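The primary structure of each chain is shown beneath.
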Amino acid sequence: MLKSSYLFPFVALSAALWSMEGSSFWTIIFTGATFFLVFLQRKTISKKQLLLLFILFISMFFWCEHKVSDTSLLTGEDSILYGTVVSAPVSHNDRSGFQIEGMNNERVQVYSNDALKPTYGDVCTLKGTYEQPSPVYHINGFDFGSYLKRQSVHWLFYADELICRPSSSLKGTVLNFRAKGIRALDQMGNENGDPHTAAILQALVYGERSNISDEHREAYQIIGVSHLLAVSGLHVGLVVFMVIFFILRLGLTKETSLTIVVFLLPLYMLLAGGAPSVVRASLMVMFAIIAFKTMKKVSSGHSISVVFIVLLFIGPNVIYHLGFQLSFLTSFVLIRSGKILMRATSALGLVFRVTLLAQLASLPIILHHFYEFSLLSLPFNLFFIPYISFVVLPLSIVTSFSLVLFPPIGNFTFSLLSYTLTWSHSLMFYLNDASVFRILFGKVSSITIAVLLLLIVFFFFSWERGSSRHMAFCSASIVIVLSLQLMAPYISSHGKVTMLDVGQGDAILIELPKREKVYLIDTGGLPNWGDEQQRRGPGERVILPHLASKGIKQIDKLILTHGHSDHIGETCAIIDRVHVKRVLYPVGGMKNELEMEVEKCLDDANVPVLEVHEGMTWSVGKSTFRILSPTGREDSENERSIVLKANMGGVRWLFTGDIERETEQRLVKEYPNLNVDVLKVAHHGSVSSSSQEFITHVTPTISLIPVGRKNRHGHPGLEVIERLNDQGAEIYRTDENGDIEVKFYLDRRSLEVRPVVD
């Protein structure tokens, strides 16, 4: 049974959720769990403790109301921002991001050119423009606006000019020293031609993970060892050991060394990035040392409870931080599992039990954030935990300090780390490529996550009591719940057509009922102008995350309508991560430079390409598909686009690529009965397409327009919008509505349109 001291963090968390989330699903779940724990403790809990719990709830609730503000005093009309830099600037893609606290104590998220990057504590005057965070435009997408509001940040500021003067403070000095250490590792990585090793060292020593490549970050996540890159109890313990070791060698007493550690740990928290995991571990060590010096007995359970509540008071929004969730949950489980761990008969058995406990505890959170789980996670952790703990981490710390004290040693240890990490990364990538070990669940509902949490808790209690029968029951139940999550798309009677918001480009995902087939029409591409400019293309930013959230690992047909970059530009990124069975391409082949690049990617991945033309058909169950164009006689790339007519769920669909009036006139002439229910408007709504004759001929009920925000072409044309309105069609466009999902059914002729932004 849980000790009564554990009631306090549950009460604090419930109060924070009621304040910030209201009566949400998880608020109700954690409040219910709190009342259940109080009920279990009803015979041992005192009236004084109940009063303290009530006071804690009220205090936390109103503190969160005060701390997390929903209103802003700024209007966004000014072009000047004056204030103090209150977060360490983070660089990414030649742009720095940091927060400024202004005169009214309101924080603003600032972005500037990397050359204008300030340092922590600087007092700055900035010239630029305010913008409000954009709404979420993607299904299951990251809500950046809500993320900022939880920090009481309501505005973005894009700085064109920045004038700063330094302001001395201990915190600023430590953070600036940290920034110099990160830059030193950057320089070493560049000099040795291995920026990946430098990025890993920055994460392990300074808690700076922004420089880890997307490829490496994803590899660590998939294999289930990304937690090892977060500065946590392991790192704090090693640092404390090293500090005490050197202090004792200087001839000072053990008591003195412990006192020094207590004063150094707050500085180390700053030096290591101040992530929740390092703060938790550092504060727990400080409490343990203080308890030892004052001859008071404080259990780990009491320590973690106090630290949890303290961090909630410091910043209530920390409950949304993935590191906070994983750090406290796994630490709490390990602290509570003393009986399980004591039964281990060997060191390997102990490591296995610790790893299994941590993996099971974190499973619901991992599925919620990343949608997948690797069967190699447990064995890889058994290898990686000692490898990182006893090889990589000590050498990383030695390397970082040697850069300052004695560079030759730093160069030698960096080379050693580079060799070992390159080998381990190669193994990681090789195993990750073996998709048989990766289980992609897709977006898991909150109810499923709650059921998994409950079953895992029961499993832990059964394991603690040594009840093999109950452990088997819980294990089987967990497998059943996860299997149902995997099977859900294959028993669903509805299908979906989703027009993804990939900016000024096309990407349309078709999921047939019961997941019979999955098709992707076009991939979008990377623009190099306007506010759409990005280093990562929409394949990585939009399409691949969407496929993962749907649990899609295979595309049966990738239909590339024609050879322009806004339609095929992300093909290589897609086939590198998703198994594509076949590509359909317009007759005439791939001729321009981009097409030949795509062709090489397809050849390297052994993806067959079928050139299609008018008259080709196929069917899947009750769904039929027919190619209406091209004929092979077209003069322009746009007119050469694949035009696909589909009948899915009794609903008529027409996907038109970028065809223009010449092809539209041919379709009107050759297909007199081309009435459709859903029309993908050609060429992003350009006035060169969607003629009055064509719109009147196809009589769409629903029109979908893929178009980029503030695009330089002026798409969609006002004339096109007027024609569609005159026809009585409902118009949905990605620049205004984001992703647009159209649901259809196997057994009835019905449509449900669900734009992300209504």
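Residues numbered from 1 in each chain as written. Predicted model: local features only at pLDDT ≥ 70, side-chain atom pairs only at ≥ 80, totals over all residues. Heavy atoms only, no water.

Let's shift gears to the pairing of strand S6 (residues 153–165). Inspection of the sheet shows strand S4 (residues 107–113) paired to S6 by four bridges, in the parallel sense. Within S6, the residue paired with Val110 across the bridge is Phe157. Of the strand pairs in this sheet, strand S5 (residues 123–131) and S6 are connected by nine bridges, and their pairing is antiparallel. In the strand pairing of S6, Gly128 is matched with Ala159. (Pairing = 2+ DSSP bridges. Helix = DSSP H or I, 4+ residues; strand = E, 2+ residues; numbered from the N terminus.)

Cis geometry is found at the peptide bond from Ser629 to Pro630, where omega equals 15°. Note on placement: Pro630 falls in the loop between strand S18 (623–629) and strand S19 (643–648). Residue His715 is joined to Pro716 through a cis peptide bond whose omega torsion reads -10°. Considering the arrangement of structural elements, one finds Pro716 in the loop between strand S22 (702–705) and helix H25 (718–727). The backbone phi angle of Ser152 is positive, close to 60°, even though this residue is not glycine. By secondary structure assignment, the location of Ser152 is in the loop between helix H4 (144–149) and S6. The class for Ser152 is buried, based on a relative accessible area of 14%. Even without being glycine, Tyr371 reaches a positive phi, approximately 70°. Locating Tyr371 in the fold gives a position in the loop between helix H14 (347–370) and strand S7 (372–374). (Buried < 20%, exposed > 50% of the residue type's maximum accessible area, 1.4 Å probe, protein only.)

It is worth spelling out the environment of Gly632 at this point. Assignment of secondary structure puts Gly632 in the loop between S18 and S19. Taking relative accessible area as the criterion, Gly632 reaches 48% and is therefore assigned partly exposed.

Let us look at the pattern of salt bridges. Per the counting criterion, the structure on display carries 22 salt bridges. The shortest N-O distance in the salt bridge between Arg178 and Glu208 comes to 3.5 Å. Residue Arg178 is located in helix H5 (residues 170–191), and its partner Glu208 is located in the loop between helix H6 (195–206) and helix H7 (214–223); the two are separated by 30 residues in the primary sequence. Given the relative accessible area of 7%, Arg178 is considered buried. With a closest N to O distance of 3.2 Å, Asp677 and Arg652 form a salt bridge. Here Asp677, found in the loop between helix H23 (661–670) and strand S21 (678–680), pairs with Arg652, found in strand S20 (residues 651–655); they are 25 residues apart in sequence, far enough to count as distant. Here the salt bridges share partners, and the residues they tie into one network are Lys496, Lys550 and Glu741. (Salt bridge = Lys/Arg side-chain N within 4 Å of Asp/Glu carboxyl O.)

Under the criterion given, the structure shown has two disulfides. One disulfide bridge connects Cys124 with Cys164, the sulfur atoms lying 2.0 Å from each other. Residues Cys124 and Cys164 are joined through a disulfide that is right-handed, its torsion about the S-S bond being 110°. Of this pair, Cys124 sits in strand S5 while Cys164 sits in strand S6; the two residues are 40 residues apart in sequence, bridging distant segments of the chain. Judged by its relative accessible area of 0%, Cys124 is buried. Residue Cys164 is classed as partly exposed on the basis of its relative accessible area, which comes to 29%. Here Cys572 connects covalently by a disulfide to Cys601, the sulfurs 2.1 Å from one another. Residues Cys572 and Cys601 are joined by a disulfide whose S-S torsion is about 95°; by sign, that bridge is right-handed. With Cys572 in helix H21 (residues 571–577) and Cys601 in helix H22 (residues 593–604), this pair connects stretches of sequence that are 29 residues apart. Looking at Cys572, the relative accessible area reads 22%, which means it is partly exposed. When its relative accessible area of 21% is taken as the criterion, Cys601 is described as partly exposed. Across the chain, the disulfide pattern expressed with sequentially numbered bonded cysteines is 1-2, 3-4. (Disulfide = S-S within 2.5 Å.)

In the structure shown here, the tally under the stated rule is 29 aromatic pairs. Each ring, one from Phe25 and one from Trp26, has its centre 5.2 Å from the other, and the planes form 85°; the classification is edge-to-face. Taken together through their ring pairs, the aromatic side chains of Tyr220, Phe380, Phe383, Phe384, Tyr387 and Trp423 make up a single cluster. Against the face of Tyr490 rests Arg515, its NZ or CZ located 5.9 Å from the ring centre. (Phe/Tyr/Trp six-rings, centres within 6.5 Å; stacked < 30°, edge-to-face > 60°. Lys NZ or Arg CZ within 6 Å of the ring centre and 35° of its normal.)

Below, the discussion takes up the side chain of Glu634. Within the fold, Glu634 resides in the loop between S18 and S19. A polar contact is formed between the side chain of Glu634 and the backbone nitrogen of Thr631, at a distance of 2.8 Å. In contact with Glu634, not counting residues within four places along its chain, are Ser629, Glu639 and Arg640. (Polar contact = N/O pair within 3.5 Å; in protein donor to acceptor, adjacent residues only side chain to side chain. Contact = heavy atoms within 4.5 Å.)

The next point concerns a negative patch on the surface. On the surface, Glu215, Asp433, Glu540 and Asp576 cluster together to form a negatively charged patch. Looking at the secondary structure, you find Glu215 in helix H7. (Patch = residues over 30% accessible without salt bridge, like charges linked within 9 Å, V, L, I, M, F, W, Y side chains within 5 Å. Areas by Shrake-Rupley, 256 points an atom, 1.4 Å probe, with all protein chains shown as cover. Lys, Arg positive; Asp, Glu negative; His and termini not counted. Charge placed at Lys NZ, Arg CZ, Asp CG, Glu CD.)

Attention shifts here to the nonpolar core. Formed by 81 residues in total, the largest nonpolar core has its most connected members in Met60, Tyr220, Val225, Phe384 and Met428. Per-element tally for this core: the top contributor is helix H1 (residues 7–21), with ten residues. With residues near it in sequence (within four places) discarded, Tyr220 still touches Ile200, Val225, Ser226, Leu229, Phe384, Leu421, His425 and Met428. (Core = buried A, V, L, I, M, F, W, Y, C linked by side-chain atoms within 4.5 Å.)

Within the chain, residue pLDDT values average 90, and 98% of them lie at 70 or more. Scored below 50 in pLDDT, residues 529–534 makes 14 contacts in the model with residues more than four places away or belonging to other chains. (pLDDT = per-residue confidence, 0-100.)

Here the focus is a nonpolar patch on the surface. Among the surface-exposed residues, Phe177, Val398, Phe401, Val404, Leu405, Phe406 and Ile409 lie close enough to one another that they form a single nonpolar patch of about 700 Å² accessible area. With four residues, the single largest contributor to the nonpolar patch is helix H15 (residues 377–405). Mapping Val398 onto the fold places it in helix H15.

This brings us to the packing of helix H8 (residues 233–249) against helix H9 (residues 254–271). Two packed helices can be described by the angle between their axes and the distance between those axes. The geometry of H8 relative to H9 is characterised by a closest axis approach of 10 Å and an angle of 135° between their N-to-C directions. The angle between the axes of H8 and H9 places the two elements in the oblique class. Judged by the sense of rotation from one axis to the other, the crossing of H8 with H9 is right-handed. On H9, the residues that touch His235, Val236, Val239, Val240, Val243, Ile244, Ile247 and Leu248 of H8 are Lys254, Ser257, Leu258, Ile260, Val261, Leu264, Leu265 and Tyr268. Along the lines of polarity and charge, the residues of the contact of H8 with H9 split into 13 nonpolar, two polar and one charged. (Axes fitted to C-alpha atoms, helices over the stretch in contact; angles between N-to-C directions. Parallel < 35°, antiparallel > 145°, perpendicular 65-115°, else oblique. Left-handed = near helix turned anticlockwise from the far one by under 90°. Nonpolar A, V, L, I, M, F, W, Y, C, P; charged D, E, K, R; others polar.)

Turning next to the sheet that holds S20. One open sheet holds the seven strands; their spatial order is S17-S18-S19-S20-S21-S22-S23, and the pairing between them is mixed. Across the chains shown, the open sheet's two edge strands, defined by having one partner strand only, are strand S17 (617–620) and strand S23 (730–733). Shown here is a sheet whose adjacent strand axes are inclined to one another by a mean of 15°, direction ignored. Bridging between S21 and S22 involves three bridges; their strand directions are parallel. Bridge pairing links Val678 to Ile702 in S22. Against the sheet, H25 contacts S22 and S23, and its axis sits at roughly 145° relative to S23.

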